[in-house]
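Secondary and tertiary structure notes
The lines below spell out each chain.
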2 protein chains.
Amino acid sequence: MNDSEGRKTVTVDIRKDLFGANEQAAMLNAELFKKHGIKAIDIMGSVGTGKTQLIEALCDRLGRGRRILMIAGDLATRIDADRVASHGVDTVQINTGTACHLDARMVRVALDDVDLSKYEVVFIENVGNLICPAGYSLGVSKKVVVLSVTEGPYMVRKHPLTIKRSDMVVINKIDLAEALEFDVDRLLEDIREVDANLPVFRVSAKTGEGIDSFISALGL
Amino acid sequence: MNDSEGRKTVTVDIRKDLFGANEQAAMLNAELFKKHGIKAIDIMGSVGTGKTQLIEALCDRLGRGRRILMIAGDLATRIDADRVASHGVDTVQINTGTACHLDARMVRVALDDVDLSKYEVVFIENVGNLICPAGYSLGVSKKVVVLSVTEGPYMVRKHPLTIKRSDMVVINKIDLAEALEFDVDRLLEDIREVDANLPVFRVSAKTGEGIDSFISALGL
């Protein structure tokens, strides 16, 4: 389609017929978490937004008294799970090979021989990708998307569906905003345009800024 | 699978049966580009790595004498195409809706009523995603992956397939490496481990550093 200025835009529509099966598996996961009184949180976000660092900060603040399991999704390596494990937290790494997101069945397989009665909180770090993870329910209590001031100004405007499908937004690496000349208020306006009521947290997982209010909002 | 330290890793294997059709479409695109003597370059990389800024820098350096078409892939908006269009370059924006990558057929649709005899170079900016775009041939001469020092240290180790499937690597935002305490040599070692012979360019699309050698390597 050419607009009045002769600029061409093509819109592609793909159908995802796999979602029915995933929704069913997600409901089973949700039942499993509920049965054990577990709060499960899906942490989504692109590569390098600091998802692992955020989980490390949450685990440290919550302390070892809170029984925490961390599930990490990556195409390859155990890097993220090992980082969190070094904080005294139990971890399961899911290696997806080529899959760009976690789905509910992968989470179920990861939980297969885990004694869930040991845990109160499950943090699921999704595959680093701002697009696909938002399309798959995992059966969690909250879906959180982590944005970072290092990603440039257009994350929200280019990914409105990911924002819409999230229950909370964390704007991470807030300590770098000034050095990178990043306009956080502008990003907040973009988020408000997609969803006026979405809870948004300005956080630095590195310095700890904003972590306490985020923990309160998660009900942890 | 639990390893000797009791750490659990689950490996998921998904089958991509769609690739046959895409490879055929990619061959048709390649023939089309060849017929018109066009060099087509697929620029891949995660959100905020500076793909658009890199294309802007390339267009400016190549000048208006070089007849350039830019195709931009995003889920939504014309932001990237419009940025490049402001440099006097013809553009087509592909809005993929929910698709996390471009495929060869999308590119073909984007080219449908374009007079290719006008161009010598086609830059295709893929959807911001370090994973899926690498799995789809578009029929281009070179597949380039753009990494950024803002993404944290593990991009290569977590995404070896994307590196393997690329013909060149650009490490962008090199001007920020020191401020972010980013170890570029370490990243280079990770790349060398995946592919010892892959051409790698240290670039700042912002300051222009490294752009000339990248252009030479592209044969432009």
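The preceding data block contains the structure.
These remarks concern the structure in this document. Please read these numbers as outputs of a predicted model, since none were measured by experiment.

A closer look at the pairing of strand β3 (residues 68–74) of chain B
Residues and elements named next belong to chain B.
- Burial within β3 is extensive, with 7 of its 7 residues counted as buried.
- The side-chain alternation of β3 yields two buried faces, one formed by Ile 68, Met 70, Ala 72 and Asp 74 and the other by Leu 69, Ile 71 and Gly 73.
- Across 5 bridges, the pairing between β3 and strand β5 (residues 121–125) is parallel. Bridge pairing in β5 links Ala 72 to Glu 125.
- As paired elements, β3 and strand β4 (residues 90–95) share 6 bridges and run parallel to each other. When the bridges of β4 are listed, Met 70 appears paired with Thr 91.
- In this fold, the crossover linking β3 to β4 by way of helix α3 (residues 79–85) has right-handed handedness.

As for the interface of chain A and chain B
- Contacts between the two partners involve 48 residues from chain A and, on the opposite side, 48 residues from chain B.
- The leading source of residues in the side of chain A that touches chain B is strand β4 (residues 90–95) of chain A, at 5 residues.
- Split into classes, the residues belonging to the side of chain A that touches chain B amount to 24 nonpolar, 16 polar and 8 charged.

Describing the nonpolar core
- If you look at the biggest cluster of nonpolar residues, it comprises 128 residues, and the most contacted ones within it are Ile 124 of chain A together with Ile 124 of chain B.
- Apart from residues lying up to four places away in sequence, Ile 124 of chain A is in contact with Ala 40, Ile 41, Asp 42, Ile 43, Ile 71, Leu 102, Val 107, Leu 138 and Val 140 of chain A.

What to know about the pairing of β4 of chain B
- With 6 of its 6 residues buried, β4 of chain B lies for the most part within the structure.
- Here β4 of chain B shows no split at all, with Asp 90, Val 92 and Ile 94 of chain B on one side and Thr 91, Gln 93 and Asn 95 of chain B on the other all buried.

Considering the relation of the copies chain A and chain B
- Laying chain A over chain B is done by rotating through 180 degrees and shifting 0.0 Å along the axis; what remains is an RMSD of 0.0 Å. Each copy turns onto its partner about a two-fold axis.

Parameters and conventions
Residues numbered from 1 in each chain as written. Chains lettered and ligands numbered in written order. Predicted model: local features only at pLDDT ≥ 70, side-chain atom pairs only at ≥ 80, totals over all residues. Buried ≥ 20, exposed ≤ 12 C-beta atoms within 10 Å, placed from the backbone. Helix = DSSP H or I, 4+ residues; strand = E, 2+ residues; numbered from the N terminus. Pairing = 2+ DSSP bridges. Right-handed = clockwise from strand over helix to strand, strands pointing away. Contact = placed C-beta atoms within 7 Å. Nonpolar A, V, L, I, M, F, W, Y, C, P; charged D, E, K, R; others polar. Core = buried A, V, L, I, M, F, W, Y, C linked by C-beta atoms within 7 Å. Least-squares fit on C-alpha atoms with pLDDT ≥ 70 in both.

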